[in-house]
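Fold and contact review
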Amino acid sequence: MKEKLFKKADYKQFVAGDAHFEKVLTKGNLISMGIGAFIGTGIFILPGIVAYGTAGPGITISFILAAIVCVLTAMCFAELSSTFPVAGSTYSYGSIIFGQFPGWLIGWALCLEYVLGVSAVSSGFSAYFVSLFKGLGVILPKAITGPFSPSNGTFINLPSVIVLILIYLLLRQGIQASARMNTVMVFVKIAVVLTFIVIGLFYIKPENYHPYFPMGGMGVVKGAALVFFAYLGFDVIPSSAPEVKNPQKNIPISIMVSLAICAILYVILSAVLTGMVNYKNLNVSDPVVYALQQVGLSKVTFLISIGALAGMFTMMLNTVYGGSRLIYALGRDAMIPKAFGKIDSKAKMPILSLNAISLLAILLGGFVSLQELTSLVNIGTLLSFVFVALGIIRLRHRSDVPKSDFKVPLYPWLPAISAILCVILMTQVSINSWITFIFWILLGVIIYFMYGYRK
């Protein structure tokens, strides 16, 4: 039994199984995908909430700490994706390096990240959508703008459902169509972020930065664990490996460039935001819009709302895309029914996998309250990142795998530090999120032994 649980997957079989994909994505497409997956909820919602409840103006340091962890992990991702350019990202790497059962647990945890992550962002999208219409003098009915909660007068989050359906229909058009739309949206939201930063610089009040660490150093560390959600998304780049031209070269570069751009924007925007408005007043769902309203620039909020909506749209687009490729990989390896691992001959994509993740996201985004969602998503992602970092150490001892075009520097210290930092951030997540995550993993173990192990 032990031999089967830890049997290493054959890298060449993964390559052969992914051969039906079309290689159409360029380095520019990948960088755009990375930025599209990063900039969304993380930059338009999280800075306000985390500054208010955890870090205060020190949220800028929280973003820097989270970025350091991500850079270390991104380098590990770059080496693994260059070595194994296959679909499934961390799940596939785990199966190749650690074996079948650890790989499944990683993949199962990532399913949580993708499905709940896109649902959480869709809720943020709905909040900004409602705010946008309110600014135009149109008040949307409360009954259709919240999760199913009759006692609170809400029955369905219709804006969330509609945008997820639009994303599904766009992805059905093919990867090239969605990549073009993603690129356009990325330019829009970067322009909006830069506009807010430039305008906001003129309204900073130095007194808003005092005290800079109102909850102490641990508040900053806890803030880093929460804003880590803002950096999730670069794993969508290695997930697209079978559809990338020259993946060994383009994937590592794209991961690092997109991460660097977004980290700089996060830090600057959070510094401007907490300088414009006292952190005690930022417990709102649309802090960027709120900050502009507080300094008398309500007319500009329309532009910011458009940028926020574009940001969250691309974030959801890339998350649904990456999740569909993960579910495809699980089906490809018979961890779940093989039908999920089939590539449609006309569309050149895993249609059933796309259908599955889209339906789950629509149900959660439309009907379920998602208050603890970001913390829950973070645990699963941080766990997979630990495996990625440790995977580099195991990989260097393997002689039966191809040589990577990219090597993590200062081996083995940087991979070890990356794993340790991810574990530290995991300890800062709430106990309720941990309990839910443990139940999720136990469910994954049951599914594995009832289906995947036998198949």
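Each residue is numbered by its place in its chain's sequence as written, counting from 1. Where totals are concerned, whole chains, interfaces and linings use all residues; where local detail is concerned, this predicted model gives features only for residues with pLDDT of at least 70, and gives and counts side-chain atom pairs only at 80 or more. To get the side-chain values, take all heavy atoms of the structure and skip hydrogens and water.

The chain is annotated in an unreviewed UniProt entry as Amino acid permease of Companilactobacillus suantsaicola. UniProt positions are given in the numbering used here, feature names are shortened, and annotations may be inferred rather than shown by experiment. Regarding the chain, the UniProt comment filed under Subcellular location (unreviewed entry) reads as follows: "Membrane".

**Some details on the overall build of the chain**
Labels follow the DSSP assignment, with helices taken as runs of H or I lasting at least four residues and strands as runs of E lasting at least two, numbered in each case from the N terminus. Looking only at helices and strands, the chain has 19 helices and zero strands in total. In the chain, 83% of the contacts between residues at least 6 apart in sequence involve partners at least 24 apart. Residue-level accessible areas treat just the shown protein chains as cover; the underlying method is Shrake-Rupley with a 1.4 Å probe. Entry remark: accessible area of the chain is about 17900 Å², with carbon and sulfur atoms responsible for 68%. On the chain, the mean spot of the 31 positive side-chain charges and the mean spot of the 15 negative ones are 2 Å from each other. The criterion used for residue contact is that any of the two residues' heavy atoms lie within 4.5 Å. Positive charge is attributed to Lys and Arg, negative charge to Asp and Glu, and no charge count is given to His or to the chain ends. For charged residues, the charge sits on one atom: NZ in Lys, CZ in Arg, CG in Asp, CD in Glu.

**Some words on the packing of aromatic side chains**
Aromatic rings considered in pairs are described by the distance between their centres and by the relative angle of their planes. Between the rings of Phe, Tyr and Trp (Trp by its six-membered ring), a pair exists once the centres lie within 6.5 Å; its type follows the angle of the planes, with under 30 degrees stacked, over 60 edge-to-face, and the other angles tilted. For the structure shown, the criterion picks out 19 aromatic pairs. Between Phe 148 and Phe 155 the ring centres are 6.2 Å apart and the planes differ by 65 degrees, which places this aromatic pair in the edge-to-face class. Between Trp 434 and Phe 437 the ring centres are 6.2 Å apart and the planes differ by 85 degrees, which places this aromatic pair in the edge-to-face class. A residue pair is termed a helical-turn pair when its members lie 3 or 4 positions apart in one helix, as Trp 434 and Phe 437 do in helix α19 (residues 431–452) at three residues. In this scheme, a residue with accessible area under 20% of its type's maximum is buried, one over 50% is exposed, and one in between is partly exposed, where area comes from a 1.4 Å probe on protein chains only. By relative accessible area, Phe 437 is classed as buried at 4%. Across the ring face of Phe 14, the terminal group of Arg 332 is positioned such that the distance to the ring centre comes to 4.0 Å. Counting as a charge over the ring demands two things of the Lys NZ or Arg CZ atom: a distance within 6 Å of the ring centre and an angle within 35 degrees of the ring normal. Positioned over the ring face of Tyr 411 is Arg 396, at 4.4 Å from the centre of the ring.

**Topic: the pattern of salt bridges**
Here, a salt bridge means any side-chain nitrogen of Lys or Arg that lies within 4 Å of a carboxyl oxygen of Asp or Glu. Under the counting rule described, the total for this entry stands at five salt bridges. Between Arg 396 and Glu 79 there is a salt bridge whose closest N-O contact spans 2.8 Å. Taken as a pair, Arg 396 in the loop between α17 (373–395) and α18 (413–426) and Glu 79 in helix α6 (residues 59–83) lie far apart in primary sequence, 317 residues in all. Residue class for Arg 396 comes out partly exposed when judged on its relative accessible area of 28%. Salt bridges here are not isolated pairs; linked through shared partners, they connect Asp 18, Arg 332 and Asp 333.

**Quick look at empty space enclosed by the protein**
Both cavities and pockets are sets of points on a 1 Å grid over the protein atoms alone; in a cavity a 1.4 Å probe fits but cannot get out, in a pocket the set is open with protein on both sides within 12 Å along at least five of seven lines, and lining residues sit with an atom within 4 Å of a point. Grid points are joined across faces, edges and corners, and a volume is the space filled by probe spheres set on the points. The tally for this structure, following the rule as stated, stands at four cavities of 30 Å³ or more. By volume, the largest cavity amounts to about 120 Å³. What lines the largest cavity is a set of 15 residues, and nearest its centre among them are Glu 113, Leu 232, Gly 233, Met 315 and Thr 319. Among the elements that take part in the lining of the largest cavity, helix α8 (residues 100–135) stands out by supplying five residues, more than any other.

**Describing α18**
The span you would expect from a helix comes to 1.5 Å times its residue count less one. Taking 1.5 Å of rise per residue, 14 residues should cover 20 Å, and α18 covers 20 Å from first to last C-alpha, within 8% of that figure. When we look at burial in α18, the residues that qualify are Leu 414, Pro 415, Ser 418, Ala 419, Cys 422, Leu 425 and Met 426. All buried residues of α18 project into a common sector of 140 degrees when viewed along the axis, lining one side. Counted as exposed and oriented over 90 degrees from the buried face of α18: Trp 413 and Ile 420. Along the arc lie the directions from the helix axis toward the C-beta atoms.

**As for the environment of Pro 409**
Examined against the element boundaries, Pro 409 turns out to sit in the loop between α17 and α18. Classification of Pro 409 as partly exposed rests on a relative accessible area of 38%. Between the alpha carbons of Pro 409 and Val 267 there is a distance of 25 Å; along the sequence they are 142 residues apart. Other than its neighbours up to four places away in sequence, Pro 409 contacts Met 75 and Leu 414.

**So, unusual backbone geometry**
Look at the link from His 210 to Pro 211: it is a cis peptide, with omega at -5 degrees. Tracing the backbone shows Pro 211 in the loop between α10 (175–200) and α11 (216–227). The omega torsion across Tyr 411 and Pro 412 is 0 degrees, close enough to zero to call that bond cis. Structurally, Pro 412 can be placed in the loop between α17 and α18. Not every positive phi belongs to a glycine, and Ser 89 is a case in point at roughly 50 degrees. Relative to the helices and strands, Ser 89 resides in the loop between α6 and α7 (90–97). Take Ser 89: its relative accessible area is 1%, and that puts it in the buried class. A positive phi angle, close to 65 degrees, is found at Ala 334, a residue other than glycine. Locating Ala 334 in the fold gives a position in the loop between α15 (301–332) and α16 (351–367).

**Remarks on α16**
With 17 residues, α16 extends 24 Å between its outermost C-alpha atoms, agreeing within 8% with the 24 Å of an ideal straight helix rising 1.5 Å per residue. Among the residues of α16, those classed as buried are Ile 351, Ser 353, Leu 354, Ile 357, Ser 358, Ala 361, Ile 362, Gly 365 and Gly 366. On an axial view of α16, the arc spanned by its buried residues comes to 165 degrees, and they lie on one face. On its buried face, α16 is in contact with α8, α9 (158–172) and α15.

**Quick notes on a positive patch on the surface**
Patch construction takes residues with relative accessible area above 30% that form no salt bridge. Like charges are linked within 9 Å, and nonpolar side chains (Val, Leu, Ile, Met, Phe, Trp, Tyr) are linked within 5 Å. A cluster of basic residues, Lys 338, Lys 342, Arg 454 and Lys 455, forms a positive patch on the protein surface. Among the secondary structure elements, Lys 455 is positioned in the segment after α19.

**Observations regarding the side chain of Thr 274**
Structurally, the position occupied by Thr 274 is in helix α13 (residues 247–276). Look at Thr 274 and you get buried, because its relative accessible area is 1%. Polar contacts, as counted here, are pairs of nitrogen or oxygen atoms within 3.5 Å of one another; within protein the pair requires one atom able to donate a hydrogen and one able to accept it, and residues that are adjacent in sequence qualify only if both atoms are side-chain atoms. From its side chain, Thr 274 meets the backbone oxygen of Ala 271 in a polar contact 3.4 Å long.

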